[in-house]
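# Residue-level structure breakdown
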Amino acid sequence: MNSSTDQLRRSLLIATLDSLDTPHYLGPSIISATAKSSETLVVVLLSPLFELRHVQGSEDALAPTAKSLVTPISRTERWDDVQRLLTYVYMQATKVAQDNGRILMDLSVLLRGYEQPLPTDLADGMDMCFLVQGDNNVPSLPLSIRTLPQAVLPSGNRVSLFSDPGPSQSSAEGTLPPLYPVAILGGTFDHLHAGHKILLSMGAWISERKLIIGVTDDIMDLLESFSVRVEKIRSFLQLFRPDLEYQFAAITDVYGPTGWDPDIQALVVSKETLSGAAAIAKERARKSLPALQAFVIDVISPDSEKLDHEDAELLRQTKISSTLIREWIAKNRDVERNASR
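Owing to the predicted nature of the structure, the values given are computational and were not obtained by experimental measurement. (Residues numbered from 1 in each chain as written. Predicted model: local features only at pLDDT ≥ 70, side-chain atom pairs only at ≥ 80, totals over all residues. Heavy atoms only, no water.)

What the chain contains, in helices and strands, is 8 helices and 10 strands. Within the chain, counting contacts between residues at least 6 apart in sequence, those at least 24 apart form 78% of the total. Accessible surface, the chain as shown: approximately 15800 Å² in total, 51% of it carbon and sulfur. (Helix = DSSP H or I, 4+ residues; strand = E, 2+ residues; numbered from the N terminus. Contact = heavy atoms within 4.5 Å. Areas by Shrake-Rupley, 256 points an atom, 1.4 Å probe, with all protein chains shown as cover.)

Let us now look at the nonpolar core. What tends to happen in soluble globular proteins is that the nonpolar side chains get buried as a cluster. Leu45, Leu111 and Ile213 are the most contacted members of the largest nonpolar core, which totals 80 residues. Examining the composition of this core, we find that 10 residues originate from one element, helix α2 (residues 79-99), more than from any other. Here Leu111 is in contact with Leu45, Phe50, Val82, Leu85, Leu86, Trp205 and Phe240, once residues within four sequence places are set aside. Residues Ile264, Val269, Ala277 and Ile280 belong to the second largest nonpolar core, which totals 8 residues. (Core = buried A, V, L, I, M, F, W, Y, C linked by side-chain atoms within 4.5 Å. Buried < 20%, exposed > 50% of the residue type's maximum accessible area, 1.4 Å probe, protein only.)

This brings us to the pairing of strand β8 (residues 245-251). As paired strands, strand β7 (residues 207-216) and β8 are joined by 7 bridges and run parallel to one another. By the bridge assignment, Lys210 is partnered in β8 with Glu245. Between the parallel pair β7 and β8, the chain is carried across by helix α5 (residues 226-240), and the sense of this crossover is right-handed. (Pairing = 2+ DSSP bridges. Right-handed = clockwise from strand over helix to strand, strands pointing away.)

So, about helix α4 (residues 194-205). Since one α-helical turn is 3.6 residues long, residues separated by three or four positions face the same way. For α4, with 12 residues, the first-to-last C-alpha span of 16 Å sits near the 16 Å given by 1.5 Å per residue. The buried count for α4 comes to 12 of 12 residues, which makes it a mostly enclosed element. Buried within α4 are the following residues: Ala194, Gly195, His196, Lys197, Ile198, Leu199, Leu200, Ser201, Met202, Gly203, Ala204 and Trp205. (Expected span 1.5 Å × (residues − 1).)

Read from one edge to the other, the open sheet built from 5 strands follows the order β8-β7-β6-β9-β10, with strand pairing classed as parallel. Looking along the sheet, the strands with just one partner apiece sit at the ends: β8 and β10 (293-297). Strand-to-strand twist in this sheet, taken as the mean axis angle between neighbours without regard to direction, amounts to 25°. Taken together, the 2 bridges between strand β6 (residues 180-187) and strand β9 (residues 266-270) define a ladder with parallel strand orientation. Paired with Ile184 across the bridge in β9 is Leu267. (Axes fitted to C-alpha atoms, helices over the stretch in contact; angles between N-to-C directions.)

A few words on the confidence of the model for the chain. For the chain, the average pLDDT comes to 85, and 80% of its residues sit at 70 or higher. Note that residues 55-60 has pLDDT below 50 and, in this model, 6 contacts with residues that lie over four places away or in other chains. (pLDDT = per-residue confidence, 0-100.)

With that settled, the discussion passes to the packing of aromatic side chains. For the structure on display, the rule yields 4 aromatic pairs. Arranged with centres 5.6 Å apart and planes meeting at 70°, the rings of Tyr180 and Phe295 form a pair that is edge-to-face. Remark: Phe295 occurs in strand β10 and Tyr180 occurs in strand β6; sequence separation between them is 115 residues. This pair shows no difference in class: Tyr180 is buried, exactly as Phe295 is. Clustering of aromatic rings is evident, with ring pairs tying together Trp79, Tyr180 and Phe295. (Phe/Tyr/Trp six-rings, centres within 6.5 Å; stacked < 30°, edge-to-face > 60°.)

Given below as structure tokens:
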């Protein structure tokens with residue numbers, strides 16, 4: 001590694017996973033890549049466990065891939081494991097960015113199967129592609145990525161091997177379909193941050209055809225405009241799951257499209273908005289609309305029982321909120337105004 005990697009603006013970090021265990025061995029690589037990138041870091045995690053099958057109602061949806069004997073996971077049955085995985089990576093990177101005063105740093109995590117092509121424009125504007133020491137499983141990458149400058153980052157001990165993925169402990173095997181045709185979620189999504197991206201990622205993760213995103217139509221000081229928020233969400237989701245249709249709706253109440261649309265099967269909510277999910281269920285029952293399967297994001301809270309002690313402690317030290325970002329912007333705006341007087 002040479003000194004040129006200390007002045008990077010935008011970087012990729014590509015690594016492979018062979019289980020859904022929390023990849024603590026990737027911690028040193030994530031920390032190093034974040035520290036060396038000033039504006040953007042995209043972490044791409046590759047695994048045959050993530051292969052996607054669009055064969056509705058067929059056992060082939062979970063069949064081994066053509067290039068691997070590893071069976072792809074059920075995206076709904078392994079819900080807890082995947083949200084815990086995303087949270088670990090985002091928190092490692094977010095903590096470093098905050099410690100270095102890069103509150104607005106753009107961090108994204110992508111999950112891809114070996115057979116799912118990476119976007120050809122993923123390398124556009126990137127200064128470096130980081131790889132992980134000892135990771136010999138990286139499949140052939142697009143030429144645009146292979147021609148980027150590369151550097152290898154240190155990692156911890158990688159001891160897990162590919163194993164047959166069973167269902168998450170919180171769900172009974174075989175009770176949920178691997179994907180839902182249409183899922184929905186909602187929020188303000190101001191100054192898109194790691195917490196938002198975990199929610200959006202998990203919504204896209206379990207969708208087969210379309211994800212509906214409700215965005216609050218609020219107006220307040222330092223809140224990004226509705227159109228800016230929508231465009232940032234769209235850009236991220238098209239990077240995460242370019243094969244899905246994305247529909248946006250301005251919402252002014254707890255229901256949004258769930259209050260009238262019969263073509264929705266799954267609802268993704270955070271632990272803090274469970275009461276909203278209950279209200280939606282009651283409203284749909286009143287209108288004789290099909291019930292929704294609710295999926296809860298509950299790893300973003302430091303008291304989550306799904307995080308081990310070390311990761312929960314890191315989350316306590318890492319504040320992720322739009323309020324924090326707005327306060328940081330306001331503070332820096334005041335500093336700039338005072339300096340210009």
